[in-house]
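Observations on the three-dimensional arrangement
Letter by letter, the chains look like this.
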Amino acid sequence: MLFAASAIVAQTAPAPSISLPGSQSPFTGSEPEGKATPEILQLSFQEAIERGLRNNLGLLLSGDQTIMARGERWKELSSLLPNLSARILENVQTQSLTALGLKSNVFPFPIPRVIGPFNYFDARASVIQSFSFRDLEKERAASESLKSAQYSYKDARELVVLAVGNSYLQAIATAARIEATGAQVQNAQALYNKADDQQKAGLSPAIDTLRSQVELQTRQQQLIAARNDFARQKLLLARVIGLPSGQEFVLTEKAPYQALTPLPVEVYLQRAYASRFDYQAAQSQVRAAELSHRAAVAGRYPSLDLNANYGDIGVTPAHSNGTWQVNGGVTIPIFAGGKVHSDVLEADAQLKQARSQLGDLRGRIDYEVRAALLDLNSAAEQVEVARSSVELAEESLRQSRDRFSAGVTDNLEVVQAQQSVASAHDSYIQSLYAHNLAKVELAYAIGDAEQGVKRYLKGEH
């Protein structure tokens, strides 16, 4: 059921990966925003999502990966752009003629061992330009990888909405359990008081009092557990959205229920393939792998190099002459020790992997959309059945109380009816949570979580 809420979404590089809630996934953490304040924060569903989109660790890391991809693209682009440099050189030196093999006995005049010092000045600008099809294809591949990273960042935003939505819905479901369990404690307390009064009046045996006391303590234990679960759910929600440590807050929304009439599955699938950012990221990764393969093959092609410089050289800047030099050439690879062949093999394997991952993702999108629709329809039916079960269980409890008060039966029937009411309420709360979560999952499955999750919870497409 929680196929998307647990966020087991295999991302194509460089997209982030996330796993089950509670595990060490970046999407269950955050960078806290600000400092805790003494005021109690009123936290709505929309504000929780907005905070998550600002502070969630998975999204922040995905943004950093986008910056890294942009840097990689600039690095590949630098191979195609000219490299310009300037240099100013002042040289002062001496020269050993002896070290050059010049000896006095060879010449009819004396040769000094060392000449100098002498100097010269050189101010020069240089440009180096290289061009190869290999560098061109690598830059194109890096551009596609950058697109993939940007799509992955957008998909990370969708995952944040999914994670925050799941955490918020779990919290309000637990809050509803506290409310329902508190009412059950009051009912159990009233039953115990009545049984105790009747025992003291000699109208009922002690077993009725003991039985009602056990029921009361059982409901009290459940209330304690529900309160603890709610506190833990709030801690988890605070971690996901980046609330400062120790910040008190209350949830302003209750578990909503609005029926949603699903559209045909083909419509949702068409939207998903057109809108899912992880699918677009995977497509960009395939294109990047194709260009990387072409770059590897282009390692066999000739490359063109051009070097040029211009400057002034002389003894001093005032006594200098302008000089320039231009040279160009074509490098033709003949044998590189099998490097090009190895590059082609690696690029071919990476291309096959990217295509396989794309095919798998397309199938997974189909599965997620269909599964979300199944969960949505099933949960909607469960809500209706659970709502009817609550009404029937509460009516049964009222009749059992009347029978017990009239002395027709002992309180065993009342205790059993109370247990049925508790079970019915718990099923109703769980079905509401499942129904709302299925809407969030469906919004994510078709790539519309960030923009459409509020509409879906209201029963709108």
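A brief report on the enclosed structure follows. Counting of residues starts from 1 at the beginning of each chain's written sequence and follows it residue by residue. Residue-level local features of this predicted model are given only where pLDDT is at least 70; pairs of side-chain atoms are given and counted only at 80 or more, and the full residue set underlies all totals for whole chains, interfaces and linings. Processing note: side-chain calculations cover all non-hydrogen atoms of the structure and skip hydrogens and water entirely.

Here we come to the overall build of the chain. Counting from the N terminus, the helices are DSSP H or I runs at least four residues long and the strands are E runs at least two residues long. When its secondary structure is counted, the chain shows nine helices and six strands. Within these notes, the globule rule equals 2.2 Å times the number of residues to the 0.38 power, and the radius of gyration is based on C-alpha atoms. For 461 residues, the compact-globule formula gives about 23 Å, and the C-alpha radius of gyration of the chain, at 38 Å, lies well above that figure. A 1.4 Å probe rolled over the protein chains alone gives each residue an accessible area, and that area as a share of the maximum for its type sets the label: buried under 20%, exposed over 50%, partly exposed in between. Sorting the 461 residues of the chain into buried and exposed places 42% on the buried side. Excluding contacts between residues fewer than 6 apart, the proportion of contacts in the chain whose partners are at least 24 apart in sequence is 81%. Computed with a 1.4 Å probe, the accessible areas rest on the Shrake-Rupley method; for each residue, only the protein chains presented here act as cover. If you sum the accessible surface of the chain, you get close to 24500 Å²; carbon and sulfur atoms cover 56% of it. One finds the centroid of the 45 positive side-chain charges in the chain at a distance of 6 Å from the centroid of its 49 negative side-chain charges. Two residues form a contact once any of their heavy atoms are found within 4.5 Å. Note that His is not counted, nor are the chain ends; the positive residues are Lys and Arg, and the negative ones are Asp and Glu. Charge placement uses NZ in Lys and CZ in Arg. For Asp and Glu, CG and CD serve respectively.

By the burial criterion, the buried members of helix H5 (residues 265-275) are Val 265, Tyr 268, Leu 269, Ala 272 and Tyr 273. Viewed along the axis of H5, the buried residues span an arc of 130 degrees, placing them on a single side of the element. Turned more than 90 degrees off the buried face of H5, the exposed positions are Glu 266, Gln 270 and Ala 274. Next to the buried residues of H5 lie helix H6 (277-297), helix H7 (339-405), helix H8 (412-445) and helix H9 (449-457). To be clear, the arc concerns the directions from the helix axis to the C-beta atoms.

A few words now on the packing of aromatic side chains. Pairing of aromatic side chains requires ring centres within 6.5 Å, counting the rings of Phe and Tyr and the six-membered ring of Trp. Pairs whose planes differ by under 30 degrees are stacked, by over 60 edge-to-face, and all others tilted. One pass over the full model with this rule turns up four aromatic pairs. An angle of 85 degrees between the planes, with centres 5.3 Å apart, marks the rings of Phe 45 and Tyr 168 as edge-to-face. In this pair, Phe 45 is assigned in helix H1 (residues 45-55) and Tyr 168 in helix H3 (residues 133-200), connecting sequence segments 123 residues apart. Looking at Phe 45, the relative accessible area reads 3%, which means it is buried. With a relative accessible area of 0%, Tyr 168 lands in the buried category.

Among the secondary structure elements, Ala 281 is positioned in helix H6. With 137 residues separating them along the chain, Ala 281 and Glu 144 place their C-alpha atoms 9.1 Å apart.

For the rest of this paragraph, the subject is the packing of H5 against H7. Each axis is a line fitted through C-alpha atoms, and for a helix only the stretch in contact is used; angles between axes span 0 to 180 degrees, taken between their N-to-C directions. Where H5 meets H7, the closest approach of the two axes is 10 Å, and the angle between their N-to-C directions is 135 degrees. As judged from the angle between their axes, H5 and H7 are oblique. Like other packed secondary-structure pairs, H5 and H7 cross with a definite hand, here right-handed. For the pair H5 and H7, the contacting residues are Val 265, Tyr 268, Leu 269, Ala 272 and Tyr 273 in the first and Arg 362, Ile 365, Asp 366, Val 369, Arg 370 and Leu 373 in the second. Class assignment for the residues of the contact of H5 with H7 results in eight nonpolar, no polar and three charged. Working rule for angles: under 35 degrees goes down as roughly parallel, over 145 as roughly antiparallel, 65 to 115 as roughly perpendicular, anything else as oblique. The handedness criterion is simple: a crossing whose near helix is rotated anticlockwise from the far helix by less than a right angle is left-handed, and one whose near helix is rotated clockwise is right-handed. Classification convention: Asp, Glu, Lys, Arg as charged; Ala, Val, Leu, Ile, Met, Phe, Trp, Tyr, Cys, Pro as nonpolar; all other residues, Gly among them, as polar.

Between H3 and H9, the least distance of the axes is 9 Å, while the angle of their chain directions is 30 degrees. By the angle between their axes, H3 is roughly parallel relative to H9. Contacts between H3 and H9 involve Arg 157, Glu 158 and Val 161 on the former and, on the latter, Ala 449, Glu 450 and Val 453. In terms of residue class, the contact of H3 with H9 is built from three nonpolar, no polar and three charged.

What follows covers the pattern of salt bridges. When a carboxyl oxygen of Asp or Glu lies within 4 Å of a side-chain nitrogen of Lys or Arg, that pair is called a salt bridge. A complete count under the given rule lists 30 salt bridges for this structure. One salt bridge connects Lys 200 with Asp 196, and the closest N-O pair in it is separated by 3.2 Å. In this pair, Lys 200 and Asp 196 both sit in helix H3, four residues apart, roughly one turn of the helix. Between Asp 448 and Arg 455 there is a salt bridge whose closest N-O contact spans 2.8 Å. Residue classification places Asp 448 among the buried positions, given a relative accessible area of 18%. Within the structure, one salt-bridge network assembled from shared partners comprises Arg 276, Asp 278, Asp 360, Arg 364 and Glu 368.

Turning our attention to unusual backbone geometry. Across the junction of Gly 116 and Pro 117, the peptide omega takes the value 5 degrees, indicating a cis bond. By secondary structure assignment, the location of Pro 117 is in strand S3 (residues 114-131).

Whether two strands pair comes down to DSSP finding at least two bridges between them. Pairing is antiparallel across the open sheet formed by four strands, whose spatial order is S2-S3-S5-S6. The open sheet is flanked by strand S2 (83-96) and strand S6 (319-331), the only strands paired with a single partner. Strand after strand, the sheet turns through a mean of 20 degrees between neighbouring axes, direction not considered. Note: S2 against S3, 13 bridges, orientation antiparallel. By the bridge assignment for S3, Asn 91 is matched with Tyr 120.

Let us now look at H1. Listing the buried residues of H1 in full gives Phe 45, Ala 48, Ile 49, Arg 51, Gly 52, Leu 53 and Asn 55. Summarising the contacts, the buried residues of H1 are in contact with strand S1 (41-43), helix H2 (57-78), H3, helix H4 (206-241) and H9.

Just distances and angles here, no functional claims.
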